[in-house]
Amino acid sequence: MKVTADIYAVLITQTLDALATMIVLPTIPFYALSLGANAFTISLLGSAYNLSQMVCSPALGALSDRVGRKTVMVVGLMGQALCNGAMSYSESVAALLAVRV
C-alpha cells in the first residue's frame, strides 16, 4: 500500500488535534482553582471535552461524509484553536466550562 500525501495530511491533522488537546489539559485544574472552582467542577472540566466528543462524533462523521473530511477537520481545528484561546480569557468557572465543552 502506497502512502499518499492525503494520508500524511490526515495524520498531521490528527496529531495537531491531539497536541492541542493535551497541551492545555495539565493547566486546567490550576486555572480553575484560581477562578474558585471546587474538586467536582475541576473533574467536570476534565471530562467535559470527552463527553462532548462522544456526543458530537456521530453527527460530525455524517457531516464529513456529506461535505468532506478535510473541511470538517479544518473547521474542527480552527474551532479548537479558538476555544483554547477563549479559555485563557475566561473570567469565571462557568465560562471556562462553556468554552471547554
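Residues numbered from 1 in each chain as written. Predicted model: local features only at pLDDT ≥ 70, side-chain atom pairs only at ≥ 80, totals over all residues. Heavy atoms only, no water.

## Observations regarding the overall build of the chain
What counts here: Secondary structure counts use DSSP, requiring at least four H or I residues in a row for a helix and at least two E residues in a row for a strand, with both numbered from the N terminus. Under the scheme applied here, a residue whose accessible area is under 20% of the maximum for its type counts as buried, over 50% as exposed, and between as partly exposed, the area being computed with a 1.4 Å probe on protein chains only. Here, two residues are considered to be in contact whenever any of their heavy atoms come within 4.5 Å of each other. For the accessible areas, the method is Shrake-Rupley and the probe is 1.4 Å, while residue cover comes only from the protein chains on display. The charge count includes Lys and Arg as positive and Asp and Glu as negative, but it does not include His or the ends of the chains. Throughout, a charge is located at the NZ atom of Lys, the CZ atom of Arg, the CG atom of Asp or the CD atom of Glu.
Assigned secondary structure in the chain consists of five helices and zero strands. Starting at the N terminus, the α and β elements of the chain follow one another as α-α-α-α-α. When the 101 residues of the chain are sorted by exposure, 23% land in the buried category. Sequence separation of 24 or more characterises 73% of the internal contacts of the chain that already satisfy a separation of 6 or more. For the chain, the computed accessible surface area is about 7,000 Å², with 73% contributed by carbon and sulfur atoms. Of the side chains in the chain, 5 bear a positive and 4 a negative charge, and the two mean positions are spaced by 9 Å.

## Focus: the nonpolar core
Selection criterion: Take the buried residues of types Ala, Val, Leu, Ile, Met, Phe, Trp, Tyr and Cys, join any two whose side-chain atoms come within 4.5 Å, and each joined set is a nonpolar core.
Core analysis: the largest hydrophobic core is formed by ten residues, namely Val24, Ile28, Ala32, Ala37, Ile42, Leu45, Met87, Val93, Leu96 and Val99. Taken together, the elements giving at least two residues each to this core come down to α2 (28-34), α3 (39-67) and α5 (93-100). Residue contributions to this core peak at three residues, all from α5.

## With respect to the side chain of Arg100
What counts here: We define a salt bridge as a contact between a side-chain nitrogen of Lys or Arg and a carboxyl oxygen of Asp or Glu at a distance within 4 Å. Each polar contact in these results corresponds to two N or O atoms within 3.5 Å; when the atoms are within protein, one needs to be able to donate a hydrogen and the other to accept it, and residues that are neighboring in sequence are counted only if both atoms are side-chain atoms.
Relative to the assigned elements, Arg100 resides in helix α5. No salt bridge is formed by the buried Arg100. Its closest oppositely charged neighbour is Asp17, at 9.6 Å. Among the polar contacts made by the side chain of Arg100, one reaches the main-chain carbonyl oxygen of Leu45 at a distance of 3.3 Å. The residues touching Arg100, leaving out its near neighbours within four places in the chain, are Val24, Leu25, Ile28, Leu45, Gly46, Ala48, Tyr49 and Met87.

## Observations concerning a nonpolar patch on the surface
In plain terms, the rule: Two joining distances apply to patches: 9 Å for like charges and 5 Å for nonpolar side chains (Val, Leu, Ile, Met, Phe, Trp, Tyr), and every residue must have over 30% relative accessible area and no salt bridge.
A cluster of nonpolar side chains, Met1, Val3, Ile7, Tyr8, Leu11, Ile12, Leu16, Leu19 and Ile23, forms an exposed patch at the surface whose accessible area comes to about 970 Å². Take Ile23: it is sitting in helix α1 (residues 5-24). Ile23 gets classed as exposed once you look at its relative accessible area, which sits at 59%.

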